[in-house]
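# Structural overview for review
Spelled out from the first residue to the last, the chains are:
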Amino acid sequence: MERPLCRIDSALVRQSLPREDNVNNTSLNENIFFSPQKQTLFLQVSNALSQLISEEKWTPGEMLPSETELAKEFSVSQGTMRRALNLLVEKGILIRRQGRGTFVSDFKRNEKLFQRRYVKFVPDDPLTDEALPTTSKLLFFVKVSPPLEIQNKLCLEPQDMVIHAGRALLASSGLVTFDEIWASETVFSKLTEENLMKHEEKLLYSFYQSELGVSIGRVEETIKAALLPSNLCFMFKLPDPTPVIEINRLAYSVNDKPIEYRHQLCVTRKYHYTVSGQFEDNVEF
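Now for a quick tour of the structure. (Residues numbered from 1 in each chain as written. Predicted model: local features only at pLDDT ≥ 70, side-chain atom pairs only at ≥ 80, totals over all residues. Heavy atoms only, no water.)

### Focus: the overall build of the chain
The secondary structure content of the chain amounts to ten helices and ten strands. Taking all contacts inside the chain whose residues are at least 6 apart in sequence as the whole, residues at least 24 apart take part in 63%. On the chain, roughly 16000 Å² of surface is accessible, and the fraction owed to carbon and sulfur atoms is 51%. (Helix = DSSP H or I, 4+ residues; strand = E, 2+ residues; numbered from the N terminus. Contact = heavy atoms within 4.5 Å. Areas by Shrake-Rupley, 256 points an atom, 1.4 Å probe, with all protein chains shown as cover.)

The structure is reproduced here in structure tokens:
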């Protein structure tokens, strides 16, 4: 059955946005650091578009109306709409194809693109070692009350429940990463032990979007040196201690709400963490 189209409530949108001629020229940085309550118009439009995408007004892979049509719908100038769209393109929520239009990011259709964006742990020698782990082993999957740290990170209440899962990702050389995942049960209601074990998508965020209907808009990471716990060293026949890179990643939804927290331990014997200075927009449809 086809889903009914969701139309933009133009009047409601216009009411929520200030008149364009009343908006000052305060810079983005000034708004963020000095006067967050006076958000610039293009940021408000960008947030409104993000909300519509999260509500599936436009689904992954779908083309948005033209810049001109959107500007008219939101009662803003074309320049304001262009800045709002550009911001969503920079975040990876939208993808722009020259001469074709602007599309909602489809992780599954463009996995290689999003691997470059999110997969930072890569082999020292790509000719001999796999670019991505080839085997996933689910170590545990439970629904629990979140500890205080996870409550704070995911903005949850004590009575809320989370999915807590642990996975070992392996290549032919052995353990590559241990992933400990904390996900809001409300947001990830379709996540099960079975589909987490058996999903075909190489990128977990692609699985989230295509199978669970959850799109990741951005992530924040902290990285430091650590040691692999002794029980994991024993389980995967590694020296104890084994040095690892510890990555803590907080993932946000398209409308910028924290929904998943991941604690990742990365074995550096044949892999390293890489940082790219530019997000390449090289997409195939």
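### Let's talk about the pattern of salt bridges
Within the structure shown, the criterion is met by ten salt bridges. Salt-bridge contacts for Arg249 lead to Glu221; the nearest nitrogen and oxygen are separated by 2.5 Å. Of this pair, Arg249 sits in strand E8 (residues 243–253) while Glu221 sits in strand E7 (residues 216–227), and the two are 28 residues apart along the sequence. Here Arg249 falls in the buried class, since its relative accessible area comes to 9%. (Salt bridge = Lys/Arg side-chain N within 4 Å of Asp/Glu carboxyl O. Buried < 20%, exposed > 50% of the residue type's maximum accessible area, 1.4 Å probe, protein only.)

### A word on the side chain of Asp179
Take Asp179: it is sitting in strand E6 (residues 174–184). Here Asp179 falls in the buried class, since its relative accessible area comes to 0%. Excluding anything up to four places from it in sequence, Asp179 contacts Ala165, Gly166, Arg167, Leu169, Arg262, His263 and Gln264.

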